Amino acid sequence: REITNNSRSHALTKTERNMKKYFLSIMTDRRNTPDAYIVRPILTAISFVYRLILGCVYFFYRSKILPSYKVKPKVISIGNITLGGTGKTPFTIKLAGDIKAMGKRPAVLTRGYGNDESHLLQDKLKDIPVLIGRDRVKNARLASDDLGCDCIVLDDGFQHYRLKRDLDIVLIDSTSPFENMRLFPRGLLREPPGRLKEADIAVITKSDMGKGNIRAVREALRRINDKIEIAESYYKPVCLRGISSEEAVPLSHITGRRVAVLSGIASPAYFAWMLGNAGARVMERFYYPDHHNFTMDDMDRVKKGCIVEKIDTVVTTEKDAVRLKRLESMPDGMEIFILEAGFNISSNEEALVDRLHSVFNS
């Protein structure tokens, strides 16, 4: 069961959320009602205009009509070509930490103003500068000139052309790699798959849940770019952490226990699947829109649902915890845990390391 909020939130009203859900069902071909057959041609026409705009922007930068800037630090871009959660933030955290362990002085550049991703980056990378803002060129120069950084990790940078990159890493979600192969708003592609010709490395994420799709994803990537290095990855649960106390709790705490999932992320199914693999009995799924600002009404609704299903444990994601912690309190008797999970590269990590060394030594 999916529970959605009926109260006014800072992010979306109920009507806006319903409209978003409605259009998403059409974009992904999951709705086949008569109205969908009317709306789809309209979205296709808008998608055609969107493709033209993308092509013009790409042409202007490639032909140097619009300038791209080179900075002193090496620039490593992390991105994707689809809307939704491919795991850019966890991978950015891992990569920045790995680069620091190689003896470099990295900084992370993200455009998010006060969103959960930027807060999570700052929380996890306490000894690595995280610069937030739309002007990545300005922040890259600031990281270089004022902070002495010699490497820039560009979060969500594949569609950013103003800053020249030394390495482009693209993440592909194995559970939903290219959806219906259509551009936004007719589909979920941010760019045509052909743009992957520009990528140096593809990291296939959620390879444990999406293992049945791995071969097809690899073949599709090779058809587009026969020189691309391909790695596979998954998330490994590490521990639970109390949302109020932040005290670490072993995963065995949820083994065999009836739990509810609480999330406001783009792709919550994998998170619930991870909990099930960790031994939890997932009985309820409280799914809210991506970046949803939780309210006390939301928490009361979750608590009532858990009482009905005799659930005493709620588990949420690290990204959702950023927003949940803004609430003044939690309903009495509700135990909420954050699942901490590490980003693990399960195949061809050596290619990623070799490419990094090549960039730093050039």
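Every chain's residues receive numbers from 1 upward, in the order its sequence appears when written. This being a predicted model, a pLDDT of at least 70 is required before a residue's local features are given, and a value of 80 or more before pairs of side-chain atoms are given or counted; all residues contribute to the totals for chains, interfaces and linings. Only hydrogens and water are set aside; all other atoms, that is, all heavy atoms of the structure, feed into the side-chain values.

1. Re the packing of aromatic side chains
Put simply, two rings from Phe, Tyr or Trp (the six-membered ring, in Trp's case) pair if the centres are within 6.5 Å, and we call them stacked under 30 degrees between planes, edge-to-face over 60, tilted for the rest. Under the criterion given, the structure shown has 10 aromatic pairs. Between the aromatic rings of Tyr50 and Phe184, the centroid separation amounts to 5.9 Å while the plane-to-plane angle is 80°, which identifies the pairing as edge-to-face. Taken together, the residues span a long stretch of sequence, with Tyr50 in helix α2 (residues 34-62) and Phe184 in the loop between β5 (167-173) and β6 (201-205) at a distance of 134 residues. For every residue, the accessible area (1.4 Å probe, protein chains only) is compared with the maximum for its type, and the residue is labelled buried under 20%, exposed over 50%, or partly exposed between those bounds. On the accessibility criterion, Phe184 (36% relative accessible area) is partly exposed. Ring geometry for Tyr235 against Phe343: centres 5.2 Å apart, planes inclined by 90°, an arrangement best described as edge-to-face. Here Tyr235 is found in strand β7 (residues 229-242), whereas its partner Phe343 is found in strand β12 (residues 335-347), with 108 residues between them in sequence. Since its relative accessible area comes to 9%, Phe343 is described here as buried. The ring centre of Tyr37 lies 5.5 Å from the NZ or CZ of Arg40, which sits over that ring. Sitting over a ring, as applied to charges here, requires NZ of Lys or CZ of Arg to be within 6 Å of the ring centre and within 35 degrees of the ring normal. One Lys or Arg, Arg195, reaches over the ring of Phe158 and ends 4.0 Å from the middle of that ring. Every helix listed is a DSSP run of H or I at least four residues long, and every strand listed is a run of E at least two residues long, numbered separately from the N terminus.

2. Describing the side chain of Arg323
Relative to the elements of secondary structure, Arg323 occurs in helix α9 (residues 318-324). A relative accessible area of 3% places Arg323 in the buried class. Side-chain atoms alone can form a polar contact between residues adjacent in sequence; in general such a contact is a pair of N or O atoms within 3.5 Å, and within protein one must be able to donate a hydrogen while the other accepts it. A polar side-chain atom of Arg323 sits 2.6 Å from the main-chain carbonyl oxygen of His292. Contact definition: two residues touch when any of their heavy atoms are within 4.5 Å. With sequence-adjacent residues up to four places away left out, Arg323 is seen in contact with Asp116, Gly264, His291, His292, Asn293 and Phe294.

3. Comments concerning the nonpolar core
A general feature of soluble globular proteins is that nonpolar side chains tend to end up buried together. What is meant by a nonpolar core is a set of buried Ala, Val, Leu, Ile, Met, Phe, Trp, Tyr and Cys residues, joined one to another through side-chain atoms within 4.5 Å. Counting 45 residues, the largest nonpolar core has Ile76, Phe91, Leu95, Ile169 and Leu275 as its most contacted members. When neighbours within four sequence positions are excluded, Leu95 is seen to be in contact with Ile76, Ile78, Val153, Ile169, Leu352 and Leu356. Listed in part, the 18 residues of the second largest apolar core include Phe286, Met299, Leu324 and Ile336.

4. A word on the pairing of strand β9 (residues 258-263)
With five of six residues buried, β9 lies mostly within the body of the structure. Two strands make a pair as long as DSSP finds a minimum of two bridges between them. In this structure, β9 lies alongside strand β10 (residues 281-287), joined through six bridges in parallel fashion. The partner of Val259 across the bridge, within β10, is Val282. Handedness of the β-α-β unit built from β9, helix α7 (residues 268-277) and β10 comes out right-handed. We call a crossover right-handed when, viewed with both strands directed away from the observer, the connection leading from the first strand over the helix to the second proceeds clockwise.

5. Some words on the confidence of the model for the protein chain
Per-residue confidence from the prediction method is given by pLDDT, with values spanning 0 to 100. Averaged over every residue, the pLDDT of the protein chain is 92; residues scoring 70 or more account for 96%. Across residues 1-11 the pLDDT falls below 50, and counting only partners more than four positions away or on other chains, this stretch makes 36 contacts in the model.

6. Things to note about helix α3 (residues 88-101)
Compared with the 20 Å implied by 1.5 Å per residue over 14 residues, the 20 Å span of α3 between its first and last C-alpha is a close match. Residues of α3 that are buried: Lys88, Thr89, Phe91, Thr92, Ile93, Lys94, Leu95, Ala96 and Ile99. Gly103 occupies a position one or two residues after α3 and carries a positive phi of about 95°. To estimate the expected span of a helix, count its residues, drop one, and scale the result by 1.5 Å.

7. Focus on the pattern of salt bridges
Salt bridge, as used here, is a side-chain nitrogen of Lys or Arg placed within 4 Å of a carboxyl oxygen of Asp or Glu. Using the criterion set out here, one finds 28 salt bridges in the structure. Arg40 is the partner of Asp29 in a salt bridge, and the nearest nitrogen-oxygen pair spans 3.3 Å. Within this pair, whereas Asp29 is found in the loop between α1 (14-27) and α2, its partner Arg40 is found in helix α2, the two being separated by 11 residues in sequence. Residue class for Asp29 comes out partly exposed when judged on its relative accessible area of 30%. Of the residues examined, Arg40 reaches a relative accessible area of 9% and is grouped as buried. Arg105 is the salt-bridge partner of Asp150, the closest N and O atoms lying 3.9 Å from each other.

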